[in-house]
Amino acid sequence: MTLRAEGVRAALDGTEVLHGVDCQVPDGGWLAVIGPNGAGKSTLLRALAGLLPLAAGRIALDGEDPARMRRRERARRLAYVPQAPVMPAELTVEEYVLLGRTPYLGPLAAPGASDRAAAGEAMERLRLTGLTRRRLTTLSGGERQRAALARALAQRPRLLLLDEPTSALDVGHQQQVLGLVDELRADGGPAVVSTLHDLTTAGQYADRLVLMAAGEVAAEGPAEKVLTEQLIHRVYGARVEVARDSTGRPVVIPVRAP
Amino acid sequence: MTHRRGRLVWLLAVAFLLAALACGVTVGASGLGPGEVFRVLVDQLPGVHAGGAVDPVDRAVLLQIRLPRVLLAALVGALLAVAGAGYQGVFRNPLVDSSMLGSSAGAGLGATVAIVAGAAGLAVPAAAFAGALAAVALALAAGSVGRTSTSTLLLAGVAVGLFFSAAQTFVLQGATRSLQEVYAWLLGSLAGADWTHLAQPLPYAVVGTAVVLAHARRLDVLAVGEEEAASLGLHPARIRLLVVCGATLAAAAAVAVSGLIGFVGIVVPHAVRRLAGVSHVRVLPLSMLVGAGFLVLADTLARTVLAPAELPIGVVTAALGSPLFVWILRTTRSGGAS
């Protein structure tokens, strides 16, 4: 599974917010989309998910445009988790995760043994086994995020599109969730495209970064190339120092003006 | 919801309907006791002879008047309840029912025009049916201009409803001698039901109900919202349109033969959700069973409370439904999630 986007332009309510974006993810890769608020990160993700019509450019998922695929077929290949997934109050974790089997169910069919197995496996991967009968409303932030990921995983996708999967989580739960995603990917699971607002985290988990600014790509490449003091200052208007952690990955440290 | 509790709710609903039907066929103005009623009904089964000595007039009253009326009440109740539950699933709002897109006003206008024009027999239901469908078609056309949000559609329905009501008032104003007959229709009645009244709406009832029931699971998925449902492979707008059309067809079939009967479409699904949870897979069919039983009981009251006179059944459902509804609302902490 490879995803390739070329010259993507898209508008929200008549205002163009993506002005020709290129990016690509190879099979099994993890691309993090970073950039300041309003740079168009979430819009790019929705466009990649086929949920937004393009004004120009093309997106190819193994050569096919997701926006033109049959929706069921698309939902079997790619799963999308928005920044704040809707969590219907009345559902249990298991019922919610089973919604991920929707693209595999005929119009009248109830989820069968294979669907339950797929949902069970997804819940197991995301350490939700003890919570299957709990209502979504009783879950903590980290558990909710894992439930949303499990639903996406139950779709058995080849590509996982995650919009700010860790924005509501503390540092420990951020590492837990991103670690689980990375584990899946490493096990021959789906390729990942995620927006991430924390630059250091993005550099630690993704193997390539796309830095967006005002609807365009400001830089693209591995973390060492994208996370530089000059680029971050230019795009975010922020003063930072870039250090290295013990593994040699860049660590972005905000610095207060003297 | 555990499996055991789920099964219990189904048993309760079936028992409620059977009890209501038994009550409906035995209570009434004829000399037949429950045992005789039972014998006459069993005698109708092919190959069974249990009739015995029953007065032929009583027998005819039971088979030609009371039985079709009870069954019609059950049919109308089931249709109104499932249509209401379908609309509530589409609009994700427990206070919506199948009259919301103007179908009641349309049916009212159709029936009024037919009655004022001196039509009789099945022409009135046919006109009401056509009026209901026309109103909803208009609301769908008006409401889906531009982006199809459900609130736009509801507002279009309100506008169409007001317009059709105004038209009806205008027609009625010029024909005051039909006033009583029109009002009697508007308040709803199952009096005079015979087997043709039962057969007429059946095809539309079956098709409409089948369309709604077939979307039960997909209505559940819509709970995650437009975009996520689309990312799960569904077409939310298409599902909403189909369910609205199916529910409208079912409700219009009911309204055409019974007049305007309120509250069933709101109270029954609401009560069912309280007992069985919010999944449409359970709510839609259970609403049919409970709605059927509820309307049979309401009709039994309507024809016995002031016997030999009759109360309009719409008055009975409102009188039973409003306090029940207030009670349900007061005992629901969340105010009733959809």
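Just so it is clear, the model here is predicted, and its values are computed rather than measured. (Residues numbered from 1 in each chain as written. Chains lettered and ligands numbered in written order. Predicted model: local features only at pLDDT ≥ 70, side-chain atom pairs only at ≥ 80, totals over all residues. Heavy atoms only, no water.)

(A) Looking closely at the overall build of chain A. Tallying secondary structure elements over chain A gives nine helices and 11 strands in all. Relative to the globule expectation of 18 Å for 258 residues, the C-alpha radius of gyration of chain A, 18 Å, shows essentially globular dimensions. By its C-alpha atoms, chain A is 60 × 40 × 35 Å across when sized along the principal axes. Here chain A, with 258 residues, has 51% of them falling under the buried criterion. Long-range pairs, those at least 24 residues apart, make up 64% of the contacts in chain A with a sequence separation of at least 6. Looking at chain A as shown, the accessible area adds up to about 11,400 Å², and 47% of this sits on carbon and sulfur atoms. For chain A, the distance from the average position of its 32 positive side-chain charges to the average position of its 30 negative side-chain charges is 4 Å. (Helix = DSSP H or I, 4+ residues; strand = E, 2+ residues; numbered from the N terminus. Rg over C-alpha atoms; globule rule 2.2 N^0.38 Å. Buried < 20%, exposed > 50% of the residue type's maximum accessible area, 1.4 Å probe, protein only. Contact = heavy atoms within 4.5 Å. Areas by Shrake-Rupley, 256 points an atom, 1.4 Å probe, with all protein chains shown as cover. Lys, Arg positive; Asp, Glu negative; His and termini not counted. Charge placed at Lys NZ, Arg CZ, Asp CG, Glu CD.)

(B) Representation of the interface of chain B and chain A within the structure. Between chain B and chain A, the contact holds 17 residues from the first and 26 residues from the second. Counting the surface lost from both chain B and chain A, the interface buries some 1,900 Å², and carbon and sulfur atoms represent 58% of this. Looking only at chain B, the three residues that lose the most surface to chain A are Glu227(B), Glu228(B) and Leu232(B), adding up to 32% of its buried area. Note that Arg151(A) and Glu228(B) form a salt bridge whose closest N and O atoms lie 2.9 Å from each other. Inspection of the region where chain B meets chain A yields five residue pairs in polar contact (both at pLDDT 80 or more). Among the secondary structure elements, those contributing two or more residues to the side of chain B that touches chain A are helix H10 (216–221) and helix H11 (226–231) of chain B. In terms of residues, the side of chain B that touches chain A owes the most to one element, H11(B), which gives four residues. Tallied by class, residues from the side of chain B that touches chain A come to nine nonpolar, four polar and four charged. (Buried area = accessible area lost by both parts, 1.4 Å probe. Salt bridge = Lys/Arg side-chain N within 4 Å of Asp/Glu carboxyl O. Polar contact = N/O pair within 3.5 Å; in protein donor to acceptor, adjacent residues only side chain to side chain. Nonpolar A, V, L, I, M, F, W, Y, C, P; charged D, E, K, R; others polar.)

(C) Layout of the UniProt feature "transmembrane region" (unreviewed entry) in chain B. Residues and elements named next belong to chain B. In the numbering used here, UniProt assigns the feature "transmembrane region" (unreviewed entry) to residues 70–87, 99–120, 126–146, 153–172, 241–271, 283–305 and 311–329. The span residues 153–172 carries 100% helix and 0% strand; its end-to-end C-alpha distance comes to 28 Å. End-to-end, the C-alpha atoms of residues 311–329 are 27 Å apart, and along that stretch the chain is 89% helix and 0% strand. (UniProt positions renumbered as here; feature names shortened; annotations may be inferred.)

(D) Representation of the sheet that holds strand S1 (residues 3–12) of chain A within the structure. Residue and element names in this part refer to chain A. An order of S2-S1-S4 is seen for the three strands of this open sheet, with the pairing classed as antiparallel. On the outer flanks of this sheet lie strand S2 (15–25) and strand S4 (56–61), each paired with one strand and no other. Across the sheet, the mean angle from the axis of one strand to that of its neighbour is 25 degrees, orientation sign disregarded. Inspection of the sheet shows S1 paired to S4 by five bridges, in the antiparallel sense. Each bridged residue has a counterpart across the sheet, and for Arg9 the counterpart in S4 is Ala56. (Pairing = 2+ DSSP bridges. Axes fitted to C-alpha atoms, helices over the stretch in contact; angles between N-to-C directions.)

(E) A look at the packing of aromatic side chains. Residue and element names in this part refer to chain B. Here the structure, examined in full by the defined rule, presents four aromatic pairs over all chains. Centre to centre, the rings of Phe163 and Phe164 are 6.1 Å apart; their planes meet at 70 degrees, and the pair counts as edge-to-face. Accessibility expressed as a relative area gives 56% for Phe163, which makes it exposed. With a relative accessible area of 10%, Phe164 lands in the buried category. (Phe/Tyr/Trp six-rings, centres within 6.5 Å; stacked < 30°, edge-to-face > 60°.)

(F) Molecular detail of a nonpolar patch on the surface. A surface patch of nonpolar side chains, amounting to about 320 Å² of accessible area, comprises Leu301(B), Val305(B), Leu306(B) and Leu320(B). Looking at where Val305(B) falls in the secondary structure, it is placed in the loop between helix H14 (280–304) and helix H15 (313–331). (Patch = residues over 30% accessible without salt bridge, like charges linked within 9 Å, V, L, I, M, F, W, Y side chains within 5 Å.)

(G) Representation of helix H4 (residues 113–125) of chain A in the model. Residues and elements named next belong to chain A. For H4, spanning 13 residues, the distance from its first C-alpha to its last is 18 Å, which sits close to the expected 18 Å at 1.5 Å a residue. Asp115, Ala118, Ala119, Ala122 and Met123 are the residues of H4 that are buried. One face of H4 carries all of its buried residues, which in axial projection span an arc of 135 degrees. Exposed positions of H4 whose direction lies more than 90 degrees from the buried face are Ala113, Ser114 and Glu124. Where H4 is buried, its residues touch helix H3 (93–98) and helix H5 (141–154). (Expected span 1.5 Å × (residues − 1). Arc of directions from axis to C-beta.)

(H) Inspection of unusual backbone geometry at higher detail. Backbone geometry places Glu164(A), a non-glycine residue, at a positive phi of 45 degrees. Its location among the elements puts Glu164(A) in the loop between strand S6 (159–163) and helix H6 (171–186). A positive phi is found at Phe263(B), a non-glycine position, where the angle reads about 75 degrees. Its place among the elements puts Phe263(B) in the loop between helix H12 (236–258) and helix H13 (264–276). In this structure Phe263(B) comes out as partly exposed when scored by relative accessible area, which is 28%.

(I) Highlighting the packing of helix H4 (residues 103–116) of chain B against helix H5 (residues 123–143) of chain B. All names here are of chain B. Orientation of H4 relative to H5, taken along the N-to-C sense of each, is 145 degrees, at an axis distance of 6 Å. Read as a crossing pair, H4 and H5 show a hand that is right-handed. Two secondary-structure elements touch here, H4 through Ser103, Gly106, Ala107, Gly110, Ala111, Ala114 and Ile115 and H5 through Ala123, Val124, Ala127, Ala128, Gly131, Ala132, Ala135 and Val136. For the contact of H4 with H5, a count of residues per class yields 11 nonpolar, four polar and no charged. (Left-handed = near helix turned anticlockwise from the far one by under 90°.)

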